[in-house]
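Listed below are the residues making up each chain.
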Amino acid sequence: MSQNTKILSGADTAAEIRAEVAADVERLASHGVTPKLVVVLVGDDPASKVYVGSKARASAKVGMVSETIELAADVTQEALEATVDRLNADPEVDGILIQLPLPLQIDAAAILDRVDPLKDVDGFHPSNVGLLLQGRPRLVPCTPAGIMELLRRSGVPLEGRRAVVVGRSDIVGKPMAALLLHQHATVTICHSRTADLASETRRAEILVAAAGRRALIGPEHVAEGAVVVDVGIHRVTDRAEVEQLYPGDEKRIATFERRGAVITGDVDFARVEPKAGRITPVPGGVGPLTIAMLMSNTARAARLRREV
Ligand code: NAP
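Residues numbered from 1 in each chain as written. Predicted model: local features only at pLDDT ≥ 70, side-chain atom pairs only at ≥ 80, totals over all residues. Heavy atoms only, no water.

This brings us to the layout of surface pockets. A volume near 630 Å³ is recorded for the second largest pocket. As for the second largest pocket, its lining consists of 27 residues, and the residues nearest its centre are Val140, Ala145, Glu149, Arg152 and Met293. Taken together, the elements giving at least two residues each to the lining of the second largest pocket come down to α2 (10-30), α7 (142-153), α8 (173-182) and α13 (286-306). Classifying every residue of the lining of the second largest pocket by side-chain character gives 13 nonpolar, five polar and nine charged. (1 Å grid on protein atoms, 1.4 Å probe; cavity = no way out; pocket = protein on both sides within 12 Å on 5 of 7 lines; lining within 4 Å. Points joined across faces, edges and corners; volume = space filled by probe spheres on them. Helix = DSSP H or I, 4+ residues; strand = E, 2+ residues; numbered from the N terminus. Nonpolar A, V, L, I, M, F, W, Y, C, P; charged D, E, K, R; others polar.)

Here is the structure:
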């Protein structure tokens, strides 16, 4: 298999999805609707600011309106709830995204539960989670939804295949497992108390790594020919670590020299790639899909709520 077909490019699939969303936004415009996404950013976490910036740029590119509401890190529960209530009531707002993490004084679950489920473009509201579990998806969490699009568009068969998801978060692991199950994969979910991770993951024909642990998945975790999807995002700022992770990879070292860091995933890419049948890179894999699906969810939310 050539390098190009082996690498599952999330960036290419994301570009396809964005083009489809842009066409959808144009159709909505002919009905007098311009979807609007509002992102609520609390505090000044630099990583969150970067993510929020990319979401705003992506919205503009597909022809949607976006707004970011910035609140101080010491915002009270009441003030944040009042913001959510105002956005819920605003007929021009189609999508509401509460950027996580929220500061410790905030009851995050109470805030997420308060978002109008029809504007819940992250798909975190219990009613959207319930619908997903019942196989009646409405608004689905962006990262697993993007991975499903990648697998579908890349022609990866799921029916009857053994899929293993490493991680059981509400944001990635659990909805990922539900989506794979609905496509008739036989699904195993692993987590930090899994007794023998490698013996579970080695049975996977499709392996999704979403543990938030750098290079957790090595060749000993992967069956020959498996499809490997790497959800992890980690910044490596130590040159020796970059050299250890990517031996002889001049391009990565050059990136490190330029930026002082490289982004890596939960999969030890250099050692797993030769064994994998297909594999997502980091960066350029799952990350771009997440934002593309946020755009897709916002257009969908506009259509659902405005009944266009
Ligand atoms: P999370 O909430 O921290 O959940 C991590 C999960 O992995 C937990 O269920 C945990 O188990 C499990 N885990 C941790 N260490 C493990 C180990 N050694 N073996 C097996 N399982 C282990 O993280 P998340 O929000 O799901 O995110 C996971 C990763 O994806 C992070 O690196 C995050 O930055 C990245 N991410 C990327 C995108 C994207 O767009 N590419 C989007 C979202 C997240 P327990 O439940 O037992 O603690």
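Moving on, there is more to tell.
What follows covers empty space enclosed by the protein. The final tally for this structure, using the stated rule, is one cavity of 30 Å³ or more. As a volume, the largest cavity reaches approximately 40 Å³. Lining the largest cavity we find Ile96, Leu97, Ile98, Leu112, Val115, Asp120, Asp122 and Phe124. Tallying contributions element by element places strand β3 (residues 95-98) first for the lining of the largest cavity, with three residues. Residue composition of the lining of the largest cavity, by class: six nonpolar, no polar and two charged.

Here we take up the environment of Gly260. By the element assignment, Gly260 lies in the loop between α11 (250-259) and β9 (262-264). Separated by 22 residues in the primary sequence, Gly260 and Asp238 have C-alpha atoms spaced 8.3 Å apart. Those residues within four positions of Gly260 in sequence are excluded, and the remaining contacts are Val236, Thr237 and Thr255. (Contact = heavy atoms within 4.5 Å.)

Glancing now at the pattern of salt bridges. Under the counting rule described, the total for this entry stands at 18 salt bridges. For Arg153, the salt bridge identified is with Glu16, shortest N-O distance 3.1 Å. Remark: Glu16 occurs in helix α2 and Arg153 occurs in helix α7; sequence separation between them is 137 residues. Relative accessible area serves as the criterion here: at 27%, Arg153 is assigned to the partly exposed category. For Glu16, a relative accessible area of 40% gives the class partly exposed. Asp249 is paired through a salt bridge with Arg252; the nearest N and O atoms lie 3.5 Å apart. Overall, Asp249 belongs to the partly exposed group, its relative accessible area being 24%. Ionic contacts of the salt-bridge type, sharing partners, join the residues Glu16, Glu20, Glu149, Arg152 and Arg153 into one network. (Salt bridge = Lys/Arg side-chain N within 4 Å of Asp/Glu carboxyl O. Buried < 20%, exposed > 50% of the residue type's maximum accessible area, 1.4 Å probe, protein only.)

A rise of 1.5 Å per residue sets the reference length of α2, with its 21 residues, at 30 Å; its end C-alpha atoms lie 30 Å apart and thus fit the reference within 8%. Along α2, the residues classified as buried are Gly10, Thr13, Ala14, Ile17, Val21, Asp24, Val25 and Leu28. Along the long axis of α2, the arc covered by the buried residues comes to 120°, so they all point the same way. Residues of α2 that are exposed and point over 90 degrees away from its buried face: Asp12, Glu26, Arg27 and Ser30. In this fold, the buried residues of α2 make contact with α7 and α13. Backbone geometry just after α2 places Gly32 at a positive phi near 80°. (Expected span 1.5 Å × (residues − 1). Arc of directions from axis to C-beta.)

A word on the pairing of β3. Along β3, one buried face is formed by Gly95 and Leu97 and the opposite face, lined by Ile96 and Ile98, is buried too. Both strand β1 (residues 36-42) and β3 contribute to a ladder of four bridges, which runs parallel. Opposite Val40, over in β3, you have Ile98 as the bridge partner. (Pairing = 2+ DSSP bridges.)

Two elements in contact, helix α3 (residues 46-61) and α13, have axes whose closest approach is 10 Å; the angle formed by their N-to-C orientations is 55°. Classified by the angle between their axes, α3 and α13 sit oblique to one another. As α3 packs across α13, the resulting crossing turns out to be right-handed. Note on element contacts: α13 touches α3 through Ile291, Leu294 and Met295, opposite Ser54, Lys55, Ala58 and Ser59. (Axes fitted to C-alpha atoms, helices over the stretch in contact; angles between N-to-C directions. Parallel < 35°, antiparallel > 145°, perpendicular 65-115°, else oblique. Left-handed = near helix turned anticlockwise from the far one by under 90°.)

Let us look at the site of the ligand. Residues in contact with the ligand amount to 21 residues; listed here are only the nearest, Arg168, Ser169, Ser192, Val231 and Thr290. Within the backbone of Ala211, a nitrogen or oxygen atom sits 3.4 Å from an oxygen atom of the ligand. Note that an oxygen atom of the ligand is positioned 3.3 Å from one of the backbone N or O atoms of Ile233. Surface burial for the ligand is 71%, taken as the share of its 930 Å² of free accessible area covered by protein chains. The residue inventory of the shell around the ligand, partitioned by class, reads nine nonpolar, 10 polar and two charged. (Near = heavy atom within 4 Å. Polar contact = N/O pair within 3.5 Å; in protein donor to acceptor, adjacent residues only side chain to side chain. Areas by Shrake-Rupley, 256 points an atom, 1.4 Å probe, with all protein chains shown as cover.)

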